[in-house]
Every structure is written in C-alpha cells, then in structure tokens.
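This is what each chain is made of:
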Amino acid sequence: MTKTIFSKILSVTSVSLLTLLSLSVEVKSQEADSKPPTCPNNPSDLSIVDGFCVLTPEEYGVKIYEMGICTSNPIVNNKLSKENCFISLVKSSPAFTNVAGGNSLLLNSDTQLKEKRPKAQDYTHAYIVISPEFKLKFTYRVNNTTYYSNGVNSSAFSPKPNATTTPPAKSFIETLNDFGDPEEGFSPSAAAQVTGGTITALLTDSNLERSTSAASTSRLVGVFVPTNPISISDDTKGLEVKFVVTDQGGGVESCAGGGFDEEEERFGPPEGIDQVCQFGSGPFSALFTPY
C-alpha cells in the first residue's frame, strides 16, 4: 500500500476575535500541489482517480492548542516564531472537538491572553498548533459495496488497513507523524494549494521546533496564507472563521485486486477491481470574514 496522508479541515462559524483562525494541511509533497480529486459517487472502482481521492468525513476531531494571525510567516529557522503575531487562542489540555458536518464551536482560551484584540492592520498569515492525532470516521460506497472505517488506529509513519464492509462505521485515531514516503524517509513538512489560499505544515516536538523523526513528533503547526490578507480595522468587532471539510476533509486509498496480499494478510478483490483499504485525513481550508 502506498503511504498517503492527507490534510485537515474544520467548520467553524461565529468565532470571536479571541478564537479567530483556521487552517489546512495537505501532506503529499514539499511543494504546493494541485488539489487531489474528489471521490466520485459509487464508482465501479477507484482506478478512475488513480486509487486515491478525498471525501467528507462523518467525524473530524481535532485538539487545538493555539491559534493566531501574523504579519509575516511565523515559521522561522524551522520553528514557530510569534514575534509578529497576535495570539488568539491558547489551551494547555484541549479535548477532541468534532468539527465535521458543519458543526459550530466557540473556543475560549484557558490562559490569560497578553493582548485582547489584534492591531488594526493587514495580516498575511494565520497559524494553528494542533495535536498530530485526529479522530475520524467514514462511510464510502464503491461498486455497490459500502465500506466503513473499522476503528483500527493508524499513523502516517505506519499506516494500517482500516476499512471493512461490516457496518457500522467506527471512529479511529490517525496520527499524522510523517509527511514522507517509505522510499524517501521521514519528512517533517509539506505544502499545498487549498480553497482560498495555500497551506504549509510542519511537524514539531513539544518546543515547537522541527521534528527529526516520527517518534519525536508531538505537535503539528499549520500556516495558512490567504489569497487576500485578513484586514483588521479599528471598527472591526470580530472575525468569523469558517473551516470547510465538505469533499476534502478525508481521504480514501484503494488496494489492487487479485490474489493474497502477504503484507496485509488478506485476499484482495477480484483481479481488475479495486477496493477501499484505508481511510485517512484529507485537505481542509479556512475562510476569514471580519465583521
């Protein structure tokens, strides 16, 4: 099975200045790639999308540690620098927050913020610090067969088959601890084009410095560059941040049919027919609207 790790998305509405921000992380390459194909409705097999596509998750849980907006790129010398940023949210022990299905949420800091509101100016970057663990759930139909996530946890460094034809769909944890392929070795960073801008992601340790291995990864820092800067004026009362997961918050990967797969210890579908073998996170994006 080819290693594929995808990106994340959130759906947030009516967010105050203390909770502004969102992001999106695509993880297939160091360069900003074009958006991957959206999963077709009940295809005969997944060869028409080269065995990989993105879809809407039924559940998308994320742990958000920190958010902010900046006047320059906050990733400096392979670590997060907040010198030119307004920190909008800080949480020391966040719980999973499900933001799939258009869920709305208001996040409040559990730590006193240094500044109550950002200065009136244009902000060219937004950042988010999250756990590399994501709570996901999926259902997808291929060739009139419905596949469900089976609850088996997986990771980018060591992906596991986690699809079954036995209902119901079960939640699982995906740990995003590597952006590389097996042939290339560990990679701590990735970039992609997303709706409304571009996103870069950096895997870090607990000090928010670049990870040197999957085992040392404890945080994921995402930096979103919107197509148009986030403009804050003296009259701005708040900033709505909308995270979109529809048709991009999850990913599906197929495995080829025919014979017995020794590595996965299972029989594949008939020769020429691909089946769903793995579900994972997919690309997400953020829309910012001052009010």
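Predicted model, so just to flag it, every value in this text is computed and none were measured.

Parameters at a glance
- Residues numbered from 1 in each chain as written.
- Predicted model: local features only at pLDDT ≥ 70, side-chain atom pairs only at ≥ 80, totals over all residues.
- Heavy atoms only, no water.
- Disulfide = S-S within 2.5 Å.
- Helix = DSSP H or I, 4+ residues; strand = E, 2+ residues; numbered from the N terminus.
- Buried < 20%, exposed > 50% of the residue type's maximum accessible area, 1.4 Å probe, protein only.
- Polar contact = N/O pair within 3.5 Å; in protein donor to acceptor, adjacent residues only side chain to side chain.
- Contact = heavy atoms within 4.5 Å.
- pLDDT = per-residue confidence, 0-100.
- Pairing = 2+ DSSP bridges.
- Core = buried A, V, L, I, M, F, W, Y, C linked by side-chain atoms within 4.5 Å.

Novice: Outline the state of the cysteines, supporting the account with residue identities and numerical values.
Specialist: If you walk through the whole model with that rule in mind, you get 3 disulfides. Between the sulfur of Cys39 and that of Cys53 lies a disulfide, 2.1 Å long from S to S. Residues Cys39 and Cys53 share a disulfide whose torsion about the S-S bond is about 95°; that sign makes it right-handed. Taken together, the residues span a long stretch of sequence, with Cys39 in the segment before strand E1 (52-55) and Cys53 in strand E1 at a distance of 14 residues. Since its relative accessible area comes to 0%, Cys53 is described here as buried. A sulfur-sulfur separation of 2.0 Å characterises the disulfide bridge that pairs Cys70 with Cys85. Disulfide Cys70-Cys85: the torsion about the S-S bond is 100°, which places it as right-handed. With a gap of 15 residues between them, Cys70 in strand E2 (residues 59-70) and Cys85 in strand E5 (residues 85-90) connect regions that are remote in the sequence. Among the cysteines of the protein chain that take part in disulfides, numbered as they appear in the sequence, the pairing is 1-2, 3-4, 5-6.

Novice: So what's going on with the side chain of Glu66? Which residues, and what values?
Specialist: One can find Glu66 in strand E2. A relative accessible area of 10% places Glu66 in the buried class. Of note is the side chain of Glu66, whose polar atom sits 3.1 Å from the side chain of Lys82. Once residues within four sequence positions are removed from consideration, Glu66 is found in contact with Lys82, Ile87, Leu89, Val90, Tyr127, Ile128 and Val129.

Novice: Give me the lowdown on the confidence of the model for the protein chain, citing residues and values where you can.
Specialist: When pLDDT is averaged across the protein chain, the result is 79; 74% of the residues are at 70 or more. Under a pLDDT of 50 for its full length, residues 1-33 has, in the predicted model, 187 contacts with residues more than four places off or in other chains. This model gives residues 264-272 a pLDDT under 50, and the stretch forms 30 contacts once residues within four places in sequence are excluded.

Novice: Tell me about the sheet that holds strand E10 (residues 145-149), residues and numbers included.
Specialist: With antiparallel pairing, the 3 strands of this open sheet are ordered in space as E9-E10-E12. At either end of the open sheet lies a strand with only one pairing partner, and these are strand E9 (139-142) and strand E12 (163-164). Across 2 bridges, the pairing between E10 and E12 is antiparallel. Residue Ser149 lies in a different strand from E12, and its bridge partner there is Ala163.

Novice: How would you explain the nonpolar core if you had to name every residue and give the values?
Specialist: If you look at the biggest cluster of nonpolar residues, it comprises 32 residues, and the most contacted ones within it are Leu46, Tyr140, Val252, Val276 and Phe279. Those residues in contact with Val276, other than ones at most four positions away along the chain, are Leu46, Tyr140, Val142, Tyr147, Ala163, Val252, Glu253 and Ser254. Tyr65, Cys70, Leu208 and Val221 belong to the second-largest nonpolar core, a separate cluster that totals 9 residues.

Novice: Kindly report on the environment of Asn228, identifying the contributing residues and their values.
Specialist: By the element assignment, Asn228 lies in the loop between strand E16 (219-226) and strand E17 (230-232). Through-space distance from the C-alpha of Asn228 to that of Thr124 is 7.7 Å; in sequence the pair is 104 residues apart.

Novice: Residue-level account of the pairing of E9, with values.
Specialist: Residues Tyr140 and Val142 of E9 are buried on one face, while the alternating residues Thr139 and Arg141, pointing to the opposite face, are not. Pairing analysis gives 4 bridges linking E9 to E10, with the strands arranged antiparallel. In the strand pairing of E10, Thr139 is matched with Tyr148. In textbook terms, the turn of a hairpin is the stretch between consecutive antiparallel strands, and for E9 and E10 this stretch comprises 2 residues, one of which, Asn143, has a positive phi near 55°.

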